[in-house]
Amino acid sequence: MSEPTAPHVPALPAVRRQALRHHLMHEIRLPARRARRMPVLVPVAGVLAATVAVGVIGGPESAPLIVTVQQGERGGATLLLNQMAASAVDKPGPSPSDGGYVYIKSRGAFAEFGNGPARLRPVHEREVWIPCNERGDGLLQEPLLNVPIIGAIPDRETLTDVTPNAALVDLPTDPDALLAKLYREREERGRGNSRDGAAFTAIGDVLRESLVPPETSAALYRAAAKIPGVEVVRGVTDAAERRGIAVAHTEGSRRDEWIFDEQTFDYLGERSYLVADTVDGPAGTVLGTTAVLRRAVVSQLGERPEK
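In this report, the structure presented in the accompanying data block is examined. (Residues numbered from 1 in each chain as written. Predicted model: local features only at pLDDT ≥ 70, side-chain atom pairs only at ≥ 80, totals over all residues. Heavy atoms only, no water.)

Ile203, Val247, Trp258 and Phe260 are the most contacted members of the largest nonpolar core, which has 45 residues in total. Here the element with the most residues in this core is helix α7 (residues 214-225); it accounts for seven residues. Setting aside residues up to four positions removed in sequence, Phe260 forms contacts with Met84, Leu207, Tyr221, Gly244, Ile245, Val247, Phe265, Asp266, Tyr267 and Leu268. (Core = buried A, V, L, I, M, F, W, Y, C linked by side-chain atoms within 4.5 Å. Buried < 20%, exposed > 50% of the residue type's maximum accessible area, 1.4 Å probe, protein only. Helix = DSSP H or I, 4+ residues; strand = E, 2+ residues; numbered from the N terminus. Contact = heavy atoms within 4.5 Å.)

The first and last C-alpha atoms of helix α3 (residues 77-89) sit 19 Å apart over 13 residues, in line with the 18 Å expected at 1.5 Å per residue. Turning to α3, its buried residues number three or more, namely Ala77, Leu80, Leu81, Met84, Ala85, Ser87 and Ala88. Along the axis of α3, the buried residues cluster in a sector spanning 165°; they form a single face. Looking at the buried positions of α3, the neighbouring elements they touch are α7, β8 (231-237), β9 (243-251) and β10 (254-260). (Expected span 1.5 Å × (residues − 1). Arc of directions from axis to C-beta.)

With that settled, the discussion passes to the packing of aromatic side chains. In this structure the tally under the stated criterion is four aromatic pairs. With a centroid separation of 5.2 Å and an interplanar angle of 55°, the aromatic rings of Tyr103 and Trp129 are classed as tilted. Taken together, the residues Tyr103 in strand β1 (residues 101-112) and Trp129 in strand β3 (residues 124-131) connect sequence positions 26 residues apart. Considered together, Tyr103 and Trp129 belong to a single accessibility category, that of buried residues. When the centroid spacing of 3.9 Å and the interplanar angle of 5° are considered together, the rings of Phe200 and Trp258 count as stacked. Here Trp258 lies in strand β10 and Phe200 lies in helix α6 (residues 195-208), a separation of 58 residues in the sequence. According to the relative accessible area criterion, Phe200 is buried, its value standing at 2%. Under the relative-accessibility criterion, Trp258 is labelled buried at 3%. Among the aromatic residues, those joined into a ring-pair cluster are Tyr221, Phe260 and Tyr267. A cation sits over an aromatic face here: Arg195 above Tyr183, 3.8 Å from the ring centre. (Phe/Tyr/Trp six-rings, centres within 6.5 Å; stacked < 30°, edge-to-face > 60°. Lys NZ or Arg CZ within 6 Å of the ring centre and 35° of its normal.)

Remark: α6 packs on α7, axes separated minimally by 11 Å, with the N-to-C direction vectors making an angle of 155°. On the basis of their axis angle, the class for α6 and α7 is roughly antiparallel. Remark: the crossing between α6 and α7 carries left-handed chirality. Residues Ile203, Val206 and Leu207 of α6 pack against Leu220, Tyr221, Ala223 and Ala224 of α7. Class assignment for the residues of the contact of α6 with α7 results in seven nonpolar, no polar and no charged. (Axes fitted to C-alpha atoms, helices over the stretch in contact; angles between N-to-C directions. Parallel < 35°, antiparallel > 145°, perpendicular 65-115°, else oblique. Left-handed = near helix turned anticlockwise from the far one by under 90°. Nonpolar A, V, L, I, M, F, W, Y, C, P; charged D, E, K, R; others polar.)

Set out below in structure tokens:
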């Protein structure tokens, strides 16, 4: 019989955490007559943690998703990541200096926990606008983002005082210095994943929802190549059902994967799932899946790039 595990939710990008915090503080400021919507009383510092760790259980559309747990290739990860780093330098793409906001459109689904195995909620699309260079308002459009403690977050949410894209990607371009910075930040927090797991998660957060300069992309890949335990997993799919090759890291009973196009090395999305049987489900139970559909720079908040 496997040991119980604490429910895990894939790491939230900074903008999503800011959206949850913004909506939570708005609810707190509402008149007392609204307070009856809060079914439990917890300290304010614990409310945000509860909102991101609990899903709405029991919807008819909710069901476990099981994938095959493949054997990862330890030996090929360093070679692949260094190839990706070399390729990244030759693909400049759009620059944040071209406009006022980074626009990212993605698709994803995350698991619910409680009353049995983790169950994946329906895949839904997400759009976010992040200020390029200066702290200011952003915008999040994401349906089905339901938080049981405080209700449903509106589909379209203005985010105030958002950390700009420039700050999210202000990282050393030397891979050793970058990895040392990530390890140091993990030690300063003193909690969470192991330092290798925390570094892998931090790099994934940057890859997921920001516009990264070529030299920073290369440094991220070269730093990831130095993390012990990083593996290659082949023939995986993202939330848009695109097949690719994954760079993966396993922490305890969970594996996290970054998925890339095998030919171009373009970032496609990510996936997280159990690699061993736990109380949250059998091995292969998917905890999260995403796909980035579009990255661009736009001039105005709420503006969508031309197709």
